[in-house]
Amino acid sequence: MTVHFIGAGPGAPDLITVRGLRLLQRCSVVLYAGALIPDGLLAECDPEARMVDTAHLDLDQIMAEIQAAHDAGHDVARLQSGDLSVFSAVAEQVRRLEAAGIDYEMVPGVPAFAAAAAALGRELTVPTVGQTIILTRLSRNASAMPEHETIANLGRSRALLCLHLATHLADEAVEELAPHYGRDCPAAVVAMASRPEEVVWRGTLGELGDAVRTHGLRRTALILVGQVLAASEFRDSHLYSTERDRHDCVLPPPIS
């Protein structure tokens, strides 16, 4: 028996990996995160599978479901929205599985920031403008942030900042970031990325707070702040540049 943690992607049913979909279709037990998982994806599950919505379960109850499946020898598909590597609450589940001696594997998914970039039609790393992406959040009404990871501290880098689950604190984010980025810095909000109800707003950091309120951008939204969002004058990537030294293309000799 194995617990398969599967990144379900940002919302569109077809933004799941082939591996994740195949596992989902064959597992006897499926634990999924309520409204965050699209019905179209759940429809791919085995009709005989035990379906458990974990939206109102605590960690002990979730682990009890997994333990019961383990005792019965049934593989579990644990569907998590987005990708497993960030803000997925997988770490505490894995810790308990390891303590219980239950096997698990992780199958990555499309993260929210990648879906937001697609919605904006933007690459988030632009030559000479920005090569760093900071994925973070604010700590109100959630787990506390490490004291050195305030957005004021992170903002000093002036890298592209992607704020998860922070639209209700947009005004606070603006005040903390403005001294570093400037109120005219390009900003965007993508809500419900990849879903039919997707909403995309583009503007400046100074306009962010009003835009969130005006458009009702509250749930499942990502705030992005950084110069790369509006970059147009930049050098071509070194990889495709006609000025690149052709010696850069020479492969090293094979290891004998």
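Everything numeric in this text was worked out from a predicted model, so none of it was measured.

About the criteria used
Residues numbered from 1 in each chain as written. Predicted model: local features only at pLDDT ≥ 70, side-chain atom pairs only at ≥ 80, totals over all residues. Heavy atoms only, no water. Helix = DSSP H or I, 4+ residues; strand = E, 2+ residues; numbered from the N terminus. Buried < 20%, exposed > 50% of the residue type's maximum accessible area, 1.4 Å probe, protein only. Contact = heavy atoms within 4.5 Å. Areas by Shrake-Rupley, 256 points an atom, 1.4 Å probe, with all protein chains shown as cover. Lys, Arg positive; Asp, Glu negative; His and termini not counted. Charge placed at Lys NZ, Arg CZ, Asp CG, Glu CD. Phe/Tyr/Trp six-rings, centres within 6.5 Å; stacked < 30°, edge-to-face > 60°. Salt bridge = Lys/Arg side-chain N within 4 Å of Asp/Glu carboxyl O. Axes fitted to C-alpha atoms, helices over the stretch in contact; angles between N-to-C directions. Parallel < 35°, antiparallel > 145°, perpendicular 65-115°, else oblique. Left-handed = near helix turned anticlockwise from the far one by under 90°. Nonpolar A, V, L, I, M, F, W, Y, C, P; charged D, E, K, R; others polar. Core = buried A, V, L, I, M, F, W, Y, C linked by side-chain atoms within 4.5 Å.

1. Quick look at the overall build of the protein chain
The helix and strand inventory of the protein chain stands at 8 helices and 10 strands. The C-alpha extent of the protein chain, read off along each of the three principal axes, is 60 × 60 × 35 Å. By the burial criterion, 44% of the 256 residues in the protein chain qualify as buried. If you take every contact in the protein chain between residues at least 6 apart in sequence, the share linking residues at least 24 apart comes to 68%. Of the accessible surface of the protein chain, which amounts to about 13900 Å², a share of 51% is contributed by carbon and sulfur atoms. Looking at charge distribution, the protein chain has the averaged site of its 21 positive side-chain charges lying 4 Å from that of its 33 negative ones.

2. Here's the deal with the packing of aromatic side chains
Applying the stated rule across the entire model yields 1 aromatic pair. Each ring, one from F5 and one from Y104, has its centre 6.3 Å from the other, and the planes form 75°; the classification is edge-to-face. On the criterion of sequence distance, the pair formed by F5 in strand β1 (residues 2–7) and Y104 in strand β5 (residues 103–107) is long-range, its members being 99 residues apart.

3. Some thoughts on the pattern of salt bridges
On inspection of all chains with the given rule, the structure shows 6 salt bridges. R26 is the salt-bridge partner of D75, the closest N and O atoms lying 3.0 Å from each other. Within this pair, whereas D75 is found in the loop between α3 (59–72) and β4 (76–80), its partner R26 is found in helix α1 (residues 18–26), the two being separated by 49 residues in sequence. In this structure D75 comes out as buried when scored by relative accessible area, which is 18%. Given a relative accessible area of 47%, R26 falls into the partly exposed group. Note that D171 is salt-bridged to R213, the shortest N-O span being 2.6 Å. In this pair, D171 sits in helix α7 (residues 170–181) while R213 sits in helix α8 (residues 208–215), placing the two residues 42 residues apart along the sequence. Owing to a relative accessible area of 40%, D171 belongs among the partly exposed residues under this scheme.

4. A short note on the packing of α3 against helix α4 (residues 90–100)
Orientation of α3 relative to α4, taken along the N-to-C sense of each, is 45°, at an axis distance of 11 Å. As judged from the angle between their axes, α3 and α4 are oblique. In this structure, α3 crosses over α4, and the sense of that crossing is right-handed. Contact with α3, carried on its side by L59, D60, I62, M63, I66 and Q67, involves E92, Q93, R96, L97 and A100 of α4 and no other residues of that element. Taken together, the residues of the contact of α3 with α4 sort by class into 6 nonpolar, 2 polar and 3 charged.

5. Brief notes about the packing of α7 against α8
Helix-helix packing is described using two parameters, namely the angle between the two axes and the distance between the axes. At a closest axis distance of 8 Å, the pairing of α7 and α8 adopts a crossing angle of 165°. Here α8 runs roughly antiparallel to α7, going by the angle between their axes. The two elements α7 and α8 cross, and the hand of that crossing is right-handed. Within the contact between the two elements, α7 uses A170, D171 and V174 and α8 uses L208, G209, V212 and R213. Considered class by class, the residues forming the contact of α7 with α8 number 4 nonpolar, 1 polar and 2 charged.

6. As for the environment of L84
For L84, the position within the fold is in the loop between β4 and α4. With 42 residues separating them in the primary sequence, L84 and V126 have C-alpha atoms 26 Å apart. Not counting residues up to four positions away in its chain, the partners in contact with L84 are F5, I6, G7, V90, M106 and V107.

7. Structural notes on the nonpolar core
Counting residues in each nonpolar core, the largest one holds 28 residues, and the members touching the most others are L163, V189, L205, L208 and V225. Going through the elements one at a time, α6 (151–155), β7 (160–164), α7, β8 (186–191), α8 and β10 (221–225) are the ones with two or more residues in this core. If you tally residues by element for this core, the top one is α7, at 6 residues. Setting aside residues no more than four positions away along its own chain, L163 makes contact with T136, R137, L138, I151, A173, A221, L222 and I223.

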